[in-house]
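An overview of the molecular structure
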Amino acid sequence: MQTTVEHDPDMTSAEPDTDARTGADDRAAEGYAVPGFDSIAHLAAASMEVAIVLLVLNNGSAYWYSRDADPERTHVLHPLYLEAARRGTGQVLADIAADARYRDTPPLSGTASAALRFFACEPVYTLSGRHVGALCVMDPVPRTGLDDAGHAALRDAARLAGAGVVLGGYLGRTDPVTQLPHRSAFFEDLRARQLNGAQRAWLISIEVAPVERFNAFVRAMGFPYADELMRAVAARVQAWMPPATRLYQVGVTRFAAVLPEAEAPLGAEQLDDLVARLRSPFDCLDIPLTLQPGVGLLDLDVRRLDGADPLRQVMSASHAAQHSPRGWALYERSQDERHRQEFFLVTELAAALTERTELYLDYQPRVRLSDGRCVAVEALARWRHPTLGEVPPGQFVPLAERAGLMRSLTGWVLEHSVAQLAGWRKAGYDIGLSINISNADFDADLVTRLEAVASRHAVDPRGLELEFTESTLLLHNDATSRHLAAVRELGAGIAIDDFGTGYSNLASLRQMPATCLKIDQSFVRSMDANRHDAAIVRSMAALARDLGFRVVVEGVENRRIYEAVRRMACDEVQGFYVSRPLPAAAVPAWLERAADWHHGEGTA
Ligand code: C2E
Ligand code: CA
Ligand code: CA
């Protein structure tokens with residue numbers, strides 16, 4: 001019995017010369033075998049009584065086990081195996097010779113070049129559900145099929161192999177998708193340079209896209225697309241890199257390399273060239289996509305590695321570069337400080353979202369002008385950090401967006417505000433609830449989440465309204481229109497928030513199934529001082545109402561503004577004059593006091 005490992009670079013990517021440089025060389029191949037494959041294969045061969053077991057991955061790697069073959073024999077990756085690796089379903093060929101496709105080119109068993117006749121395969125998935133290839137079993141003797149016990153054995157073996165592939169990624173220091181060495185290898189190699197007496201080196205790190213955007217791709221396109229994309233990115237970077245330079249995969253969407261001393265200093269044109277290559281659209285699985293790459297550089301003193309964290313530093317530069325027009329940036333200490341603080345806040349926010357009690361909600365009432373009734377409250381997220389104190393939503397909401405935490409935050413807000421609404425409804429307060437929804441939440445799942453939370457708390461979805469900003473709605477396409485239509489079908493309302501701050505015209509927004517339009521407070525607050533703004537608010541309100549929206553004016557801070565707005569085409573008002581955002585516990589008392597709000601004064 002023995003295992004051999006092969007790699008078919010043609011399967012990996014369009015660029016044929018990538019392998020020589022990635023380190024997926026012979027040494028790598030030996031060291032990076034799938035842990036436990038021999039035992040899995042041995043078990044499968046024995047229980048199914050087959051001569052050959054093959055694990056073929058859709059990145060082109062193949063791992064062989066044969067009961068009795070000549071160890072020197074090189075196996076050829078037959079089209080049958082490649083197809084099995086790509087396909088996500090199992091297959092049984094009782095007799096390959098009976099199949100017209102393979103009759104003329106039967107796969108060979110290795111035993112005196114006998115042809116293989118029986119073939120069966122089962123897809124292999126990693127623990128996280130990513131399709132990575134197939135486990136195939138073969139035998140020179142044809143069969144009538146595979147019985148139930150055989151099927152079960154094959155499935156179990158494929159499952160074990162899937163777990164092994166994941167382990168291989170960790171233990172073997174390679175990424176299962178790109179086959180590039182991992183972060184730990186990066187540090188070991190850097191250390192080796194130090195021992196070899198190197199003094200300076202340029203570290204380069206490449207970030208593919210902001211996490212939030214990348215997560216959105218994965219949600220929209222699935223893992224196979226994301227995997228393919230990462231391979232294509234790696235290939236482009238490698239085509240740019242100086243020969244004999246290794247590329248490492250240091251994060252899901254991050255690459256790094258140490259450029260040899262001879263190459264330093266890098267010229268601006270070279271870096272512009274790399275950015276241009278990464279910015280040009282990727283045609284991945286026939287779907288074109290443009291990334292937002294960031295390239296970071298760090299001039300590293302290799303002699304002072306101890307205690308330093310060069311990878312994190314260079315990554316702070318690439319992170320900053322994603323949002324710069326040039327797309328690349330040198331490491332800067334001040335930038336790093338900001339990044340560090342942001343990183344601290346992100347981890348704190350992630351913790352607050354899961355295990356702590358620091359998040360809470362305030363509710364700001366919204367009053368109908370026709371009868372002065374409070375028709376709804378808007379849930380506003382608050383974060384009281386144990387050492388930092390109150391972190392304003394203007395800081396942590398954008399942070400959550402950048403860090404990919406927005407869906408969790410929205411989930412938290414949905415859950416708690418709808419539970420609260422159910423409580424108020426039980427107590428006899430007949431009000432609605434508005435919830436702010438961000439860009440990242442905007443997918444098919446949104447309706448499912450909304451429906452689930454409403455039914456969990458037995459709240460009629462018609463009492464709920466989702467607020468989207470104008471810029472979110474402007475990203476609209478057929479898919480977003482469908483998601484919005486589904487929200488409407490459920491009965492929930494849709495409001496266009498902060499209207500006037502973006503660049504949309506009302507007519508284009510009219511195509512959206514929105515029910516309500518909230519005029520942004522920036523115009524409203526200055527209405528007092530600026531007659532121009534009063535005119536803007538008046539005409540926006542009139543136009544919006546003509547188009548059939550319910551009009552809400554936000555940021556009504558004092559009586560004068562309130563009186564002015566009352567004479568406009570405005571249905572509801574919200575602002576400090578009506579009420580500041582209130583803690584949940586204060587809402588019932590406010591509702592009691594405000595039962596006939598319009599007869600009295602405001603509270604601000
Ligand atoms: P927004 O959705 O426009 O929320 C209204 C903001 O205006 C609130 O600020 C509120 O306190 C403030 N405000 C209300 N009336 C007045 C007024 O008369 N004068 C002035 N000067 N301000 C007024 P807050 O709570 O600081 O929230 C800021 C933004 O953070 C919100 O703007 C919203 O975009 C975002 N945000 C808050 N909570 C959430 C949330 O749960 N999810 C999402 N996605 N965003 C949220
Ligand atoms: Ca809002
Ligand atoms: Ca608003």
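Now for a quick tour of the structure. (Residues numbered from 1 in each chain as written. Chains lettered and ligands numbered in written order. Predicted model: local features only at pLDDT ≥ 70, side-chain atom pairs only at ≥ 80, totals over all residues. Heavy atoms only, no water.)

Let us now look at the packing of helix α9 (residues 223–240) against helix α10 (residues 268–279). For any two helices packed against each other, the geometry comes down to the angle between their axes and how far apart the axes lie. Closest axis-to-axis distance for the α9/α10 pair is 10 Å, and the angle between their directions is 155 degrees. In terms of orientation, α9 and α10 fall into the roughly antiparallel class. Between α9 and α10 the crossing geometry is right-handed. Listed contacts from α10 to Val 233, Arg 236, Val 237, Ala 239 and Trp 240 of α9 are Gln 270, Asp 273, Leu 274, Arg 277 and Leu 278. (Axes fitted to C-alpha atoms, helices over the stretch in contact; angles between N-to-C directions. Helix = DSSP H or I, 4+ residues; strand = E, 2+ residues; numbered from the N terminus. Parallel < 35°, antiparallel > 145°, perpendicular 65-115°, else oblique. Left-handed = near helix turned anticlockwise from the far one by under 90°. Contact = heavy atoms within 4.5 Å.)

The next point concerns the pairing of strand β14 (residues 359–368). β14 sits mainly inside the fold: eight of its ten residues count as buried. As paired strands, β14 and strand β15 (residues 374–385) are joined by nine bridges and run antiparallel to one another. Within β15, the residue paired with Gln 364 across the bridge is Glu 378. Hairpin geometry of β14 and β15 is characterised by an intervening segment of five residues between the two adjacent antiparallel strands and by a positive phi of about 70 degrees at Gly 372. In terms of strand pairing, β14 meets strand β23 (residues 582–583) through two bridges, oriented antiparallel. When the bridges of β23 are listed, Asp 362 appears paired with Pro 583. As defined by bridge partners, β14 adjoins strand β22 (residues 572–573) across two bridges and the pair is classed as antiparallel. Residue pairing for β22: Val 367 is matched across the bridge by Val 573. (Buried < 20%, exposed > 50% of the residue type's maximum accessible area, 1.4 Å probe, protein only. Pairing = 2+ DSSP bridges.)

Turning to the site of ligand 1, a few remarks are in order. Around ligand 1, the surrounding shell holds 22 residues, and the nearest of these are Gln 364, Arg 382, Gln 521, Glu 557 and Phe 576. Ala 381 places a polar main-chain atom, nitrogen or oxygen, 3.0 Å from a nitrogen atom of ligand 1. In the complex, the protein chains occlude 82% of the 800 Å² of accessible area that ligand 1 would expose alone. Taken atom by atom, the bulk of ligand 1 overlaps the second largest pocket. Contributions of two or more residues to the shell around ligand 1 are made by β15, α13 (393–402), α14 (406–426), β19 (493–499) and α19 (521–525). Of all the elements, β15 adds the most residues to the shell around ligand 1, at four residues. Its residues placed into classes, the shell around ligand 1 shows nine nonpolar, six polar and seven charged. (Near = heavy atom within 4 Å. Polar contact = N/O pair within 3.5 Å; in protein donor to acceptor, adjacent residues only side chain to side chain. Areas by Shrake-Rupley, 256 points an atom, 1.4 Å probe, with all protein chains shown as cover. 1 Å grid on protein atoms, 1.4 Å probe; cavity = no way out; pocket = protein on both sides within 12 Å on 5 of 7 lines; lining within 4 Å. Sits in = over half its atoms within 2 Å of the grid points. Nonpolar A, V, L, I, M, F, W, Y, C, P; charged D, E, K, R; others polar.)

Moving on: the coordination of the calcium ion (ligand 2). Around a metal, the idealised angle for a tetrahedral arrangement of four donor atoms is 109.5 degrees; for an octahedral arrangement of six donor atoms it is 90 or 180 degrees. The calcium ion (ligand 2) binds to the protein through Glu 378 (OE), Asn 436 (OD1), Glu 467 (OE) and Asp 497 (OD); the donor distances cover 2.1 to 2.3 Å. Counting gaps between the donor residues of the calcium ion (ligand 2) yields the pattern E-x57-N-x30-E-x29-D. If you look at the calcium ion (ligand 2) and the calcium ion (ligand 3), they sit 3.9 Å from each other and are both ligated by Asp 497. Remark: Asp 497 occurs in strand β19 and Glu 467 occurs in strand β18 (residues 464–469); sequence separation between them is 30 residues. Each of the two residues, Glu 467 as well as Asp 497, counts as buried. (Donors = N, O, S within 2.8 Å, 3.2 Å for Na, K, Ca; no water.)

On to unusual backbone geometry. Not every positive phi belongs to a glycine, and Ala 458 is a case in point at roughly 50 degrees. With relative accessibility at 73%, the residue Ala 458 sits in the exposed group. Positive phi, close to 50 degrees, is recorded for Asp 498, a residue that is not glycine. Within the secondary structure layout, Asp 498 lies in strand β19. A residue is classified by how much of its surface remains accessible, and Asp 498, at 24% relative accessible area, is partly exposed.

Remember, this is a structural readout, not a statement about activity or role.
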